[in-house]
Amino acid sequence: MEVVLAIGIGALAGSGVWLLLRPRTYQVIIGLSLLSYAVNLFILSMGRLRSGVPPILDPGEAGDLSRYADPVPQALVLTAIVISFAVTALFLVVLLASRGLTGSDHVDGSEPES
Amino acid sequence: MSRWVDHLIILPVLMPLVAAAVLLVIDERRRKTKAAISLVTITACLAVALLLLEGASGAAGLARSAVYRLGDWPAPFGIVLVLDRLSALMLVLTGVLALATLVFSLASWDRAGSHFFSLFLFLLMGLNGAFLTGDLFNLFVFFEILLAASYGLVLHGSGRARVRAGMHYIAINLVASSLFLVGVSLVYGVLGTLNMADVALRVSTIADGDRLLFEAGAAILGVAFLVKAGMWPLSFWLTGAYSAAAPPVAAFFAIMTKLGFYIVLRLSLLVFGPEAGGLANFGSAWLIAGGTATIIFGSVGLLAAQDLSRLASYSVLISAGTLLATAGIGDAAMTGGALFYLVSSTLSIGAFFMLTELVARSRAAGADVLAVTMEAYGDDDEEEVDESEEVGVVIPGTMAILGLSFTVCALLIAGLPPLSGFVAKFLIVRALFDPAGSVDIGGPIAGVRWMFVAVLLLSGFAAVIAMARAGIRSFWLPLDGTVPLVRVIEIAPIICLLVLCVLLTVFAGPVTGFVEATAEILHVPSGYVEGVIPSRSFPGP
């Protein structure tokens, strides 16, 4: 499971960074999204990978660390998802505004002269 | 926790939040109501910040930091707001700058787009929260709040240049936020805590196998902060965004690079102090090198800058670089000087950003570029002005005030006597040469100190040249003499900020005593930690 997750994070982050460095605004925003997915998975993995264990205590039961997952990274991921979602939406608006104002979807607002 | 005074700590976060939310539902056409609410809120924030500063400066504040436990959860489990002298000082500084820039923007800029006041207040809330929080992930949330608001403010007024600069600004900050998250989660993965004081307690107990992982986390986190703090080579976004933003917005942004510095200073003193064992002074060599490179880059940029707003942006870079390098060298006397420099440079750069707009009004578009080009290619032949005619020229009152303000700004930014910029640089240089009380400095560091002094003084020299050139072109040369229309509401905040700088100079003694005491406290992190986690009964991981 660790290997699968590590490869997943690596692939997402790698593609994200590559897209981020491309000249088109749409590629940049997809790159940022992929990067944020990679980061979210990474946060989750920092709470140690366990499957089939709940992050909350059953009522009336004493806490036993071997039977529960760490709830903090899950809470962090939720916050991170919400924030990255909102900011991506904002970036999308700026992207459209830039396209409308400059007539170009290049990140610098105009095609480089070659 | 029962006394009402204890609840003051939450107010700098709560008041702008509530006011901004209320302003969202008020119609844009009721501008006066919105302006009044914003003004009252920011004034109240400033008053609370002053109260907090007074509280933190008292005898109780000296011993340990005041803590506000959100939801009353005990420290390592819940989120805490921590108030010590440094955060109180930053709150006051933010409040002063916010009030001045808001008053300035009331003249015209608040009408350049929608929801200006809400964005402004959200930015204030994010800044206050980031200065107060004692939790790493909560810091991330406040960072995102202030960044989201700043994205809106950079774009305020719209237009091609702003959208283009804003897009770069947003993209780079989104990547920095990703790095922030990676760093935070690495720290959590190693230490199992996000509370800054708890991190400081546990850092000495890290197993050898985990140390590399923690160092990687701290370094990634550091990169995220340094992007905000504007360290070269992570700062190429800064000049574009700051010079494209509306002047009052850029003036308020002057505090944002200082926020990056604040976090770097706070965390490196808290976590990587002498108690951290093998991790002590982690990354300080990078800070010195990066800070010095930033000063050099800023100075070169300053000399090459062709308009006033770029001049101001490069001044931001120079001050950021100076602060970061002092954080890297980091003994207590140095930190005291750095804090003085921080206050002085924030106020003066804020004033300068607002001044640029007023000065730019007197000149036609493109005049700046023309001026520099003229200088480069020689313009001796065109000026055959009759001397007797020149003597009789009356300088209009407005231009006189603007020119005087410009001179004061130039003196402050270049760090020339007699104003507070000089006092700040003097304190830093004195700390560089005075090894008493410094941390263990090896042979090569002494060379680094000499280099830093040279770079610091040369940056002042570059600032003098650039400012003198800009001043001559702006105030002595306009031949057709269009006097800009300047309203009192616009010039008053600038003068207020500059008067504050003058007061800093006049009362340099008490202020220096204050910042040095603050620095002493910062260099003994146990007071901070004791305040957050009273009994050290928590077991290690």
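Residues numbered from 1 in each chain as written. Chains lettered and ligands numbered in written order. Predicted model: local features only at pLDDT ≥ 70, side-chain atom pairs only at ≥ 80, totals over all residues.

Undergrad: Account for the overall build of chain B, naming residues and giving values.
TA: What chain B contains, in helices and strands, is 22 helices and two strands. Sequence separation of at least 24 residues holds for 82% of the intrachain contacts in chain B that already meet a minimum separation of 6. (Helix = DSSP H or I, 4+ residues; strand = E, 2+ residues; numbered from the N terminus. Contact = placed C-beta atoms within 7 Å.)

Undergrad: Describe in detail the packing of helix α14 (residues 332-360) of chain B against helix α17 (residues 397-414) of chain B, supporting the description with residues and values.
TA: All names here are of chain B. Interaxial distance between α14 and α17 falls to 9 Å at its minimum, and their mutual angle equals 145°. Helix-helix and strand crossings are classified by hand; for α14 and α17 the assignment is left-handed. From α14, Ser 344, Ser 348, Ile 349, Ala 351, Phe 352, Leu 355, Leu 358 and Val 359 reach across to α17, where they touch Leu 402, Ser 405, Phe 406, Cys 409, Leu 412 and Ile 413. Tallied by class, the residues present in the contact of α14 with α17 amount to eleven nonpolar, three polar and no charged. (Axes fitted to C-alpha atoms, helices over the stretch in contact; angles between N-to-C directions. Left-handed = near helix turned anticlockwise from the far one by under 90°. Nonpolar A, V, L, I, M, F, W, Y, C, P; charged D, E, K, R; others polar.)

Undergrad: So what's going on with the confidence of the model for chain B? Which residues, and what values?
TA: Residue and element names in this part refer to chain B. Within chain B, residue pLDDT values average 81, and 86% of them lie at 70 or more. The secondary-structure element of chain B with the lowest mean pLDDT is helix α16 (residues 387-391), recorded at 48, while helix α5 (residues 116-132) shows the highest, at 91. Contacts for the low-pLDDT stretch residues 437-444, under 50 throughout, to residues beyond four places or in other chains number nine contacts. Confidence drops under pLDDT 50 across residues 537-541; counting only partners more than four residues distant or on other chains, this segment forms eight contacts. As a predicted assembly, this complex carries a pTM of 0.87 together with an ipTM value of 0.91. (pLDDT = per-residue confidence, 0-100.)

Undergrad: Now, about the interface of chain B and chain A: what can you tell me, with residues and values included?
TA: Chain B puts 22 residues into the contact, and the matching count from chain A is 26 residues. At the level of secondary structure, the elements contributing two or more residues to the side of chain B that touches chain A comprise α6 (136-154) and α7 (160-191) of chain B. Considering every element that reaches the side of chain B that touches chain A, the biggest residue donor is α7(B), with 16 residues. Its residues assigned to classes, the side of chain B that touches chain A shows 15 nonpolar, four polar and three charged.

Undergrad: Talk me through the confidence of the model for chain A; I want residue IDs and the actual numbers.
TA: Mean pLDDT over chain A: 85, with 97% of residues reaching 70 or higher. Model confidence for chain A, summarised as mean pLDDT per element, is weakest for helix α3 (residues 71-102) of chain A at 88 and strongest for helix α1 (residues 2-20) of chain A at 92.

Undergrad: Let's hear about α7(B): which residues, and what values?
TA: Residue and element names in this part refer to chain B. Along its 32 residues, α7 runs 46 Å from first to last C-alpha, staying within 8% of the 46 Å computed at 1.5 Å per residue. Buried residues dominate α7, accounting for 28 of its 32 residues. Once α7 finishes, Gly 192 follows within two positions and takes phi at roughly 70°, a positive value. (Expected span 1.5 Å × (residues − 1). Buried ≥ 20, exposed ≤ 12 C-beta atoms within 10 Å, placed from the backbone.)

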